[in-house]
Structures are given as C-alpha cells and as structure tokens.
Protein chains: 2
Amino acid sequence: MSAVDFAAFVEKLADAASEAILPFFRTSLGAIDKNIGGSFDPVTEADHAAESAMRRLIELTFPLHGIIGEEFGSIREDADYVWVLDPIDGTKSFIAGMPIWGTLIGLLHHGRPIYGMMVQPFIRERFTGDGEQSNWSGPGIDLKPAQRLLSTRDCPDLATAILMTTSPLLYDAPRLTAFRRVESRVRLSRYGCDCYAFAMLAAGHVDCVIEAGLKAYDIAPLVPIIRGAGGIVTTWTGGEPEEGGDIVASGCAALHDQVLELLRQGG
Amino acid sequence: MSAVDFAAFVEKLADAASEAILPFFRTSLGAIDKNIGGSFDPVTEADHAAESAMRRLIELTFPLHGIIGEEFGSIREDADYVWVLDPIDGTKSFIAGMPIWGTLIGLLHHGRPIYGMMVQPFIRERFTGDGEQSNWSGPGIDLKPAQRLLSTRDCPDLATAILMTTSPLLYDAPRLTAFRRVESRVRLSRYGCDCYAFAMLAAGHVDCVIEAGLKAYDIAPLVPIIRGAGGIVTTWTGGEPEEGGDIVASGCAALHDQVLELLRQGG
C-alpha cells in the first residue's frame, strides 16, 4: 500500500481531530501541568479528545498498525506501519487563543516517514506531503476552498534568510551559543510558531527552522511535507530527523550546509 | 454622530483593505527596508494598496475627516474626527506567511479613540469595540460565520497570568529590565503577536500585554476594543495610551496596578 492510499484516511483523521478540538479552542479551560515542578506544558481536554478520536479510527481501520501518540503513549511500535500523532502542537499558542497551533498526523513505514499532515482546524488549512510532493488546502481569496502545490524557495545566502525557532528559552547554553551563531547572520528571526514554522518553510515563506529537543511526534509528521516541497530536514549533525532531537530544516541544500556548519563550530 | 453610526462604514473599510491585501499574502514579494541601515521593517505592496483603498473611501465619504496612516502620513490631523490606519500591523509575520498580522482601523473624536477594529483577512475574523462594548465575528465551528461579545478575564494574581509582548529585542536596556521584572513573575510569556496580543486580551485568553515604542496607529484603533471588553490600557506611567509610546494593557484593574508598579520600580 503506498502513501497515496492513506491520503483519504488521513483526511478523516484530520476531520475527527478538528471536530474534537474546536469546541475547546478559545474557551476558558484549566490546563494541568504534565511536568510537576518543570517547565510549563499545558495539556487541554482538547488534546486528549483529539488523540482519542484519532486512535479509535486507526484501531478500527488498521488494527495491526502501531501508534505513537503525544498524549497516550505507544502501541505496536515495531509494526510495519506506525502512526505518529500530536493532537495539538503548539499548546502555548492554543491556550493564548492564537490560531498557530496544529494537529500533526504522520505515518511511518519500517520506521521511515512516508506521509504527513499538519492541520489548523480554526483556519481550516491543511499541509500534506508524501516525500515526493506536498500540497496545501485552505481558504481561498474568494471564500471558497482552494489548493496548491507546496514548494520551498531557494535562499543560498544566509544574510537574506528568514529563520524560525519556537523559543531560545528551550535551548541549553551550548545549543544557544550554536543557535545564536546562525541567528546573528540572518535577515529576520522569528519565535513561537511551533509546527507552523516547518509548514511555512514548505510553503516557501521561511528559509530555515532550527529546534532543539523535539520528540518524534513533533517532527516525523512534518518530514514528508518538508521533503515533498523540496526542503531538507536533518538533525544538527546531518542525521535522519524522524526520531526527533535537535532538528534543522532548510529550503535549499546550499543554505542547509551553511547552517549545519555554523551549528557544528566550537560547540 | 455616535461611534455606532460608523460601524457599518468601518466594515466597508475592512472589506476594502482585505481585498487589497489578500492577493499579496503568501506570495513571493520583495520587501523594501524603510529604515535604511536600521532595524528590519518591511513594507509590502499590500500595505500600500490597503491604505490607499481605505483613504480613498474615507475621502469620498467623510471629506472633512482627518487621517493618520502608517504608510502615507497625516492629513487634517486637527479635524473633529480623525481616522487612524495601520494596513498591516505585524509585517514580519506577514512576510513569513504567518496569519497573525492584522489591519487596524481606528476613529478619534477630539483626539479620543471612540471606535476601533482589528481585522485578520485570511482567517476572516474581526474584533471591534466602541469603548463600551466589544464584539468578535469570524469562522464558527460549523463553517458558518459566528459572532460573540468580547470580555477580558479577571486575573488578580500575576503568578497565574499569561503575558505577551512583540519582542524583547525592541526594548532598550532600562525598559528591558523593567519588562523582565514582570516577565519573571508570570505563568507564561509569549512573543511575536503584535496586534493579536491585544485582541486576545480583549477576548479573555491573555492577561497582560506590554509593548515599548508604539506609534499612535499601533494602539489607538485597539483602545476601544480593549476598553469595551472590560480591559485597561495606559502608558507605563498610567497615562492615556492613544498617542502610543510605552503601553501596557491588562484584563483587570488589580493586575494592571501590579504591573505598573513593577514597571516603575528601580528603572
């Protein structure tokens, strides 16, 4: 079964997640802290409802597939096909009412990401990719649904690049030093966009995204979208990105090489 | 003529601005730098097209009214009624493809802000206020247009507050010290949201917004929205906010007093 065969099913997962989440967005909800005494990591009822809804659909439709979920852990992780789910990537944006969080749905085949989607239910836009081609669907200028191919842009000169990261506060000291080496050379650096940063890279509006300490579910669903749009995504040392860790994505290879080199220096 | 009488006209201005801007959003456009050698301040064709369209409508409909615009300057500034226009607040978000910029439209009467709107054309949501009442309209859960009243939330304890600012990089050293005194005590601090920060405060999702060095057009249109939702907005020293400068807005008076006190200390 190819990635394309899963596309319609992923749309259904996205519909289920959107329905589960939207009633909770921009309402007053208590957020409980998963890391007692640790950093602020809100989990909302929406998070749980959406992952439950998606897991239910997967169990019904593909009972032999594995699932790795942000909220409810892993099952059958060594199955041929494993789904990777992050119901709300960008929970801090979510609780602040900002519509720049996303639902991430990824599919691994023998451990490799072969299909991925990022959905923003409130805006109703979806970014999908299979590693070969990536697509956007969402609101068109005329209020009707629109769609188009996604393509990264070339930006071989770091001095003209737009860089995104979720927050420099998430870096430890050596990683911050490495990040600042890149940041000090770009045209514009933006914070706080979580999965949207990678989506905007795939869409050709952003040239580089650097993150530290990502989980598999933060990045695996985005890998086929980035690659299908022509982008490059690796760890900071050039390794495969799907298990998470320190991740960098670029719109073109020339920029990626420069950024990896700067991240490596001194370190 | 009361503020309510202007409401329908402001919707028309918003329509005109949205139509002018949307064709340029998420397209590849060169951005020119207004401050040669200064900080990065992109102006897009969209910015110019939207302000031109709004000014044309105002000149046709209210030829005696004044206009203060971000792009094309001021005219008849001492008229009884003066329109304050910022076609794209959040240009850095705009050029990065992030849908968290807004078009700001404000109306002053004898220098006081009496009506304001923040529009996000891509998401199709609008925040309006007349100082007495504030409203939201936008996409509902069922895909149909929805609307509701806006109301700030009470958060008398800074330790549980969500704080927003556009960027700490915009503060000079003493202001940064003052800002950090507040930031170090809140539950969550978020960057990079421009006018959306104030809109989310009015909607009750954010408790405090602190900014430095705002222009009149960055804040005057937002004042009636914040106040109509029950919020407080002043300068850092408690003065009237409509001319810009260092601005703080809070969802309730108890929090506002604490924040003003912290901003004042030492600095």
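Above this text sits the structure in question.
Each chain has its residues counted from 1, following the order in which its sequence is written. Working convention: letters from A go to chains and numbers from 1 go to ligands, in the order in which they are written. Where local features are concerned, this predicted model is filtered to residues with pLDDT of at least 70; where side-chain atom pairs are given and counted, the filter is 80 or more; whole-chain, interface and lining totals use all residues. Note that water and hydrogens are dropped before the side-chain values are worked out from all heavy atoms of the structure.

Participant: Sorry if this is basic, but what is going on with the interface of chain B and chain A here?
Facilitator: By a widely used convention, the size of an interface equals the accessible area lost when the partners come together. Throughout, a contact is declared for two residues whenever any of their heavy atoms are within 4.5 Å. Contact with chain B, which involves 36 residues of that partner, is made by 36 residues of chain A. Regarding the contact of chain B and chain A, the summed buried area is about 3,300 Å², with carbon and sulfur atoms giving 66% of it. When two parts are brought into contact, each loses some accessible area as probed by a 1.4 Å sphere; the total of that loss over both is the buried area. Per-residue buried area on chain B facing chain A is highest for B:R26, B:M98 and B:R190; these three make up 19% of the total on that side. Throughout this description, the term salt bridge denotes a Lys or Arg side-chain nitrogen within 4 Å of a carboxyl oxygen of Asp or Glu. Where chain B packs against chain A, one counts 2 salt bridges. Across the pair A:E125 and B:R26 runs a salt bridge, and its minimum N-O distance is 2.6 Å. Residues adjacent in sequence count toward polar contacts only when both atoms are side-chain atoms; beyond that, a polar contact is any pair of N or O atoms within 3.5 Å, and within protein one must be able to donate a hydrogen and the other to accept it. On inspection of chain B and its partner chain A, the count reaches 8 residue pairs in polar contact (both at pLDDT 80 or more).

Participant: Just to check I follow, could you spell out unusual backbone geometry for this structure?
Facilitator: Leave glycine aside and you will find that most residues have negative phi; peptide bonds, for their part, are mostly trans. Residues and elements named next belong to chain A. Non-glycine residue R76 carries a positive phi angle of around 45 degrees. Labels follow the DSSP assignment, with helices taken as runs of H or I lasting at least four residues and strands as runs of E lasting at least two, numbered in each case from the N terminus. Looking at the element boundaries, R76 is found in the loop between strand 4 (73–75) and strand 5 (81–89). Take R76: its relative accessible area is 30%, and that puts it in the partly exposed class. With a 1.4 Å probe rolled over the protein chains alone, any residue whose accessible area is under 20% of its type maximum counts as buried; one over 50% counts as exposed, and the rest are partly exposed.

Participant: Mind showing me how you'd approach the nonpolar core here?
Facilitator: Nonpolar side chains in soluble globular proteins generally cluster together in the buried interior. To define a nonpolar core, start from buried Ala, Val, Leu, Ile, Met, Phe, Trp, Tyr and Cys residues and group those joined through side-chain atoms within 4.5 Å. In terms of nonpolar packing, the biggest core is built from 129 residues, with A:W83 and B:W83 touching the most fellow members. Here this core takes 9 residues from helix 1 (residues 3–21) of chain A, the largest share from any one element.

Participant: Mind showing me how you'd approach the relation of the copies chain B and chain A here?
Facilitator: For the pair of chain copies, the relating transformation is a rotation about an axis with a translation along it. Fitting of the copies onto one another was done by least squares over C-alpha atoms, counting residues only where both copies have pLDDT of at least 70. If you rotate chain B by 180 degrees and push it 0.0 Å along the axis, it lands on chain A with an RMSD of 0.0 Å. These values place the two chain copies in the arrangement generated by a two-fold rotation axis. Every residue of chain B has its C-alpha some distance from the rotation axis, and the shortest such distance is that of B:I123, at 2.8 Å. Comparing interface residues between copies, 100% of those in chain B also sit at the interface in chain A, which points to an isologous, same-surface contact.

Participant: How should the sheet that holds strand 8 (residues 125–129) of chain A be read in this particular structure?
Facilitator: By way of backbone hydrogen bonds, the strands of a sheet pair with one another, either parallel or antiparallel. Residues and elements named next belong to chain A. One bridge is not enough; two strands pair if DSSP finds at least two bridges between them. The 8 strands are arranged 4-3-5-6-7-8-9-10 in an open sheet whose pairing can be described as mixed. Since the sheet does not close on itself, it has two edges, and those belong to strand 4 and strand 10 (145–149), each with one partner. Strand-to-strand twist in this sheet, taken as the mean axis angle between neighbours without regard to direction, amounts to 15 degrees. As judged from the 4 bridges shared by strand 8 and strand 9 (residues 134–139), these two strands associate in the antiparallel manner. Each bridged residue has a counterpart across the sheet, and for F127 the counterpart in strand 9 is W136. The axes used here are C-alpha line fits, helices contributing only the stretch in contact, and every angle between their N-to-C directions lies in the interval 0 to 180 degrees. Helix 2 (residues 45–61) contacts strand 3 (66–69), strand 4, strand 5 and strand 6 (102–109) of the sheet and is inclined by roughly 160 degrees relative to strand 5.

Participant: Can you help me understand helix 8 (residues 253–264) of chain A in this one?
Facilitator: In an α-helix, one full turn covers 3.6 residues, which means residues spaced three or four apart are oriented alike. Given the number of residues in a helix, its expected span is that number minus one, multiplied by 1.5 Å. Its 12 residues place the ends of helix 8 of chain A 16 Å apart at the C-alpha level, agreeing with the 16 Å of an ideal helix rising 1.5 Å per residue. Tucked inside the fold, the buried residues of helix 8 of chain A contact helix 4 (173–183), strand 13 (208–214), strand 14 (232–235) and strand 15 (245–250) of chain A.

Participant: Would you mind going over the sheet that holds strand 11 (residues 162–165) of chain A with me for this structure?
Facilitator: Residue and element names in this part refer to chain A. Taken together, the 5 strands give an open sheet; going across it, the order is 12-11-13-15-14, and neighbouring strands pair in mixed fashion. Looking at which strands have only one partner, the edges of the open sheet turn out to be strand 12 (188–191) and strand 14. The sheet shows a mean angle of 20 degrees between the axes of neighbouring strands, taken without regard to direction. Alignment of strand 13 against strand 15, held across 5 bridges, turns out to be antiparallel. By the bridge assignment, C208 is partnered in strand 15 with S250. Where helix 8 meets the sheet, its contacts fall on strand 13, strand 14 and strand 15, and the angle it forms with strand 15 comes to roughly 145 degrees.

Participant: It is not clear to me how the packing of aromatic side chains should be interpreted in this structure. Could you clarify?
Facilitator: The geometry of an aromatic ring pair comes down to the distance between the two centres and the angle between the two planes. By convention, a stacked pair of Phe, Tyr or Trp rings (six-membered ring in the case of Trp) has centres within 6.5 Å and planes under 30 degrees apart, an edge-to-face pair has planes over 60 apart, and any other such pair is tilted. Using the criterion set out here, one finds 26 aromatic pairs over all chains in the structure. Taking 4.9 Å as the distance between ring centres and 90 degrees as the angle between the ring planes, the aromatic pair formed by B:F9 and B:F62 counts as edge-to-face. Pair noted here: B:F9 is in helix 1 (residues 3–21) and B:F62 is in the loop between helix 2 (45–61) and strand 3 (66–69), with a separation of 53 residues, a long-range link. Using a relative accessible area of 8% as the deciding quantity, one classes B:F9 as buried. Residue B:F62 is classed as buried on the basis of its relative accessible area of 15%. By the ring-pair criterion, three or more aromatic residues cluster together here, those being A:F6, A:F9, A:F62, A:Y81 and A:W83.

Participant: Explain the pairing of strand 7 (residues 112–120) of chain B to me, please; I cannot follow it from the model alone.
Facilitator: Consecutive residues of a regular strand have side chains that alternate between opposite faces of the sheet. All names here are of chain B. Among the 9 residues that make up strand 7, 8 are buried, leaving the element largely enclosed by the rest of the structure. Relative to strand 7, strand 6 (residues 102–109) is paired through 7 bridges, and the arrangement is antiparallel. For L104, the partnering residue across the bridge sits in strand 7 and is M118. Alignment of strand 7 against strand 8 (residues 125–129), held across 5 bridges, turns out to be antiparallel.

Participant: Honestly, the environment of A:L57 in this entry has me stumped. Any pointers?
Facilitator: Residues and elements named next belong to chain A. Within the fold, L57 resides in helix 2. Owing to a relative accessible area of 23%, L57 belongs among the partly exposed residues under this scheme. For the pair formed by L57 and K12, sequence separation is 45 residues and the distance between their alpha carbons is 8.5 Å. The residues contacting L57, other than those within four sequence positions of it, are F9, K12, L13 and A16.

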